[in-house]
Amino acid sequence: MPGVQLVLRSARVVTPEGTRAASVSVADGRITEVGPYDARVPDGAQLVDAGDDAVLPGLVDTHVHVNDPGRTEWEGFTTATRAAAAGGITTLLDMPLNSLPPTTTVPHLRTKQETAYAQVHVDTGFWGGAIPGNVADLRPLHEAGVFGFKCFLSPSGVEEFPELGPAELESALTEIAGLGGLLIVHAEDPGRLASAPQSGGPAYAGFLASRPRAAENDAVDRLVGLARKLDARVHVLHLSSGDALPVIARARREGVALTVETCPHFLTLSAEEVPDGATEFKCCPPIRERANQDALWQGLADGTVDCVVSDHSPCTAELKDGDFGTAWGGISSLQLGLPAVWTEARRRGHTLDDVVRWMSSGPARLAGLDGRKGAVAPGHDADFALLAPEESFTVDPARLHHRNPVTAYAGRTLHGVVRATWLRGQKIAEDGRPLRRTGRLIERTGHPGAGGYPGSAERPAATGPGRPGRTERIERPTA
C-alpha cells in the first residue's frame, strides 16, 4: 500500500469507540490510522481540517428503489446515486422490483448491472427477488452475488413482482436457508388487509385504517415461526407497527435469527400531521400515530430495531394524484434521511454515535459489509460524511437530486447540514453538489469466484461520442 495521501482532521470523529477529536489517515482509498488530533501530517499528504464539523462513516442504505431500467422516469441510477452522495450515503443496495425486468434471474441481474455500472456515484449492490415460480433461480442469483432475497406477503403494487403464498414462502425460505442466505420481507398479512376498511379519496384517516397494525403484527408472527422452524435468517423491512416489537424482542432472546429495520418517515412524521390529499406522505405500511412513533424510538434505543434505512420509493408527480386510494405508495427521502433522523434524535436526547449505529454500521452489518463499510476504523474504506450537526436548513424540493421533486419533507426545517461526502478517499459531493462519479458495483462474497476484496469481474463500460471504451471493476466486499 502506498504512503498516506489524505489526513482528515476534526474535533468530532465518530468512531466505534465513541466520538473524539482525531486525525484520520487514508492511503489507497482505505483508512490506515485513526490517530491523535494533532498527529503529524506525512510529507506529501493532503490535510483537510473539518473544524467542528462531525466526521461520520459514510451512510449505508440497504433499501433503495432505483427503478432502472424500465421505469427510469420514476428514478434512475444517475439521479438516485447523486442524491445519495449529496445526503452522505456512500453505499446503497437496490431493491429488485419496480425495474423492468425485476431482479429475479441472473440474466435480469446482469441487465441491471450493465445499466448501473457506468452511472453510479456511490457504491451500489443488488438484492435478488423471490417470487412465485423462481425457486430454481435463487441459488444462481446467490452465486452471482446478490446480497439476499426480497419477497412480499401481500401484493407489491406491480404485476411483475407477485407476492408469495404460504407454501411458496416456505419453499423459498427453505432454499435460501440452505444457501446460508437472507430473506428480507415486506411483512403485511394479506388477509388482514383484505378485511380492513377499503377507502379511497383524499382523507388520510381512511387510508390509515386500510393498513392496520394487525397486518404487520400477524405477518411478523408468521415470519418468526418460519424462521424458527427452518433455522433461517429473516429480516423485516420498514417496520411501522410498534406493537410488533415485543414479539421480535422475545424471538431474538430465544435465538431466532430475526432482524428488523425502520425508516426516517416512521420516526419523524406522524399521522396526525398528514393533510388530506397530501399523497406525498403515502407509503405501505403507513405513517402511524405519534404514540406508535414513540414505541419505534424505544425499539431503536433498546436494540430491538437494528437499523434505519430510507425505503426511497419515488415516482412521477402525476402518480401522487391526491387520492390515497390510487396514488403510488412511497416516500422520496434519499438525500434527507440523515438530517431528518438527526433532527428528531437530538430532540429525544440521542447522539451522533446512535445515529451512526442505526444508519451506517447497522445496515453494513445486515448486508455483510461491516468488514469494510460503516465505521471510521483502520482497514475500512475511507467513506465519510461531514456533518454540521447544529446548522439547520429548510427543505426545498427543487434542490434535491432525485429525479422527481416530490417529498413529504417539503418546507420542513431540519438540523444537520451535510457539508461533504467522501468515497474511498475521494470527495464526491460538497455543499449539496455531487462532484464526481467514482461509485463501483459491489457483490456479496462467499460465492464461487468471489476472490476477496478487492477482487474484480471486468465488464466493458458503455461507449458513446467523446467517451472512449474503458473497463470498470465490480468490487466484492468481504463480510
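For the structure itself, consult the block above.
Conventions adopted
Residues numbered from 1 in each chain as written. Predicted model: local features only at pLDDT ≥ 70, side-chain atom pairs only at ≥ 80, totals over all residues. Heavy atoms only, no water. Pairing = 2+ DSSP bridges. Helix = DSSP H or I, 4+ residues; strand = E, 2+ residues; numbered from the N terminus. Buried < 20%, exposed > 50% of the residue type's maximum accessible area, 1.4 Å probe, protein only. Core = buried A, V, L, I, M, F, W, Y, C linked by side-chain atoms within 4.5 Å. Contact = heavy atoms within 4.5 Å.

A. Here's a closer look at the sheet that holds strand β14 (residues 307-308). Taken together, 6 strands build an open sheet; the order of strands is β9-β10-β11-β12-β13-β14 and the sheet is parallel. Unpaired on one side and paired on the other, β9 (128-129) and β14 mark the two borders of the sheet. Here strand β10 (residues 149-152) pairs with strand β11 (residues 182-186) via 4 bridges, running parallel. By the bridge assignment for β11, lysine 150 is matched with isoleucine 184.

B. Geometry of the pairing of strand β16 (residues 413-423). Burial runs high along β16: 8 of the 11 residues are buried. Sheet topology note: the strand β15 (residues 384-394)/β16 ladder contains 8 bridges and is antiparallel. When the sheet's bridge partners are listed, phenylalanine 393 is paired in β16 with leucine 414. Two elements, β16 and strand β17 (residues 426-430), share 4 bridges in a ladder whose sense is antiparallel.

C. Structural detail: the nonpolar core. The biggest cluster of nonpolar side chains holds 97 residues, and the ones touching the most others in it are Leu56, Leu183 and Leu239. In terms of residues, this core owes the most to one element, helix α7 (residues 213-230), which gives 6 residues. Residue contacts for leucine 56: discarding those within four places in its chain leaves Val14, Leu338, Leu352, Val356, Val376, Asp383, Phe384, Ala385 and Leu387.

D. The environment of proline 339, seen in detail. For proline 339, the position within the fold is in helix α11 (residues 337-347). Look at proline 339 and you get buried, because its relative accessible area is 2%. In sequence terms proline 339 and glycine 416 are 77 residues apart; their C-alpha atoms lie 4.8 Å from each other. Here proline 339 is in contact with Phe393, Leu414, His415 and Gly416, once residues within four sequence places are set aside.

E. Looking closely at the side chain of histidine 238. Inspection of the secondary structure assignment puts histidine 238 in the loop between β12 (233-236) and α8 (245-253). Assessed through its relative accessible area of 2%, histidine 238 is described here as buried. Not counting the four nearest positions on each side in its chain, histidine 238 is found in contact with His63, His186, Glu216, Glu261, Thr262, Cys263, Phe266, Cys284, Pro285 and Asp311.

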